[in-house]
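The lines below spell out each chain.
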Amino acid sequence: MSKSNIAVTAAITGLLALGGTALTATHAVAMDKEKCYGVAKAGKNDCATKSSSCAGTAKEDNQKDAFVVVPKGLCGKLSGGSTESA
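Our subject in this report is the structure included herewith. Just so you know, these numbers come straight off a predicted model, no measurement behind them.

## Examining the environment of N45
- Checked against the element boundaries, N45 lands in the loop between β1 (33-37) and β2 (67-71).
- N45 sits in the buried class, given a relative accessible area of 4%.
- Between the alpha carbons of N45 and D65 there is a distance of 9.6 Å; along the sequence they are 20 residues apart.
- Excluding anything up to four places from it in sequence, N45 contacts A40, C54, A55, G56, T57, A58, A66, F67 and V68.

The following block contains the structure:
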């Protein structure tokens with residue numbers, strides 16, 4: 001195997017190792033979050049609602065089908081917050 005092939009193989013292996021670590025870290029962060037419905041301000045929701053397909057499209061404050069992502073356990077402490085869409 002030539003020196004250039006070894007270098008390419010080492011680079012690819014390194015990138016694959018970093019990619020796996022990044023995915024694991026992202027997954028762990030996501031597990032510490034939850035969707036909280038009914039607390040978003042108009043136009044400040046994080047993702048789609050039953051009536052629209054984009055973030056930032058909630059038409060009114062505290063819309064029951066619009067959510068924001070919050071740390072796990074916080075939603076139940078927020079007035080009107082629910083982990084289930086209405």
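After that view, the rundown keeps rolling.
## Quick look at the pattern of salt bridges
- The full count for this structure, using the stated rule, is one salt bridge.
- A salt bridge links K41 to D61; its shortest N-O distance comes to 3.9 Å. Here K41 is found in the loop between β1 and β2, whereas its partner D61 is found in the loop between β1 and β2, with 20 residues between them in sequence.
- Note on K41: relative accessible area 48%, which makes it partly exposed.

## Structural notes on the side chain of E34
- As for its position among the elements, E34 is in strand β1.
- At 5.7 Å, K72 is the nearest oppositely charged side chain to E34, a buried residue that forms no salt bridge.
- Only 3.0 Å separates the side chain of E34 from the backbone nitrogen of G73, close enough to count as a polar contact.
- Excluding residues that lie within four positions of it along the chain, E34 makes contacts with V68, V69, V70, P71, K72, G73, L74, C75 and T83.

The rules we used
Residues numbered from 1 in each chain as written. Predicted model: local features only at pLDDT ≥ 70, side-chain atom pairs only at ≥ 80, totals over all residues. Heavy atoms only, no water. Helix = DSSP H or I, 4+ residues; strand = E, 2+ residues; numbered from the N terminus. Buried < 20%, exposed > 50% of the residue type's maximum accessible area, 1.4 Å probe, protein only. Contact = heavy atoms within 4.5 Å. Salt bridge = Lys/Arg side-chain N within 4 Å of Asp/Glu carboxyl O. Lys, Arg positive; Asp, Glu negative; His and termini not counted. Polar contact = N/O pair within 3.5 Å; in protein donor to acceptor, adjacent residues only side chain to side chain.

Take it as geometry only, folks, not as evidence of what the structure does.
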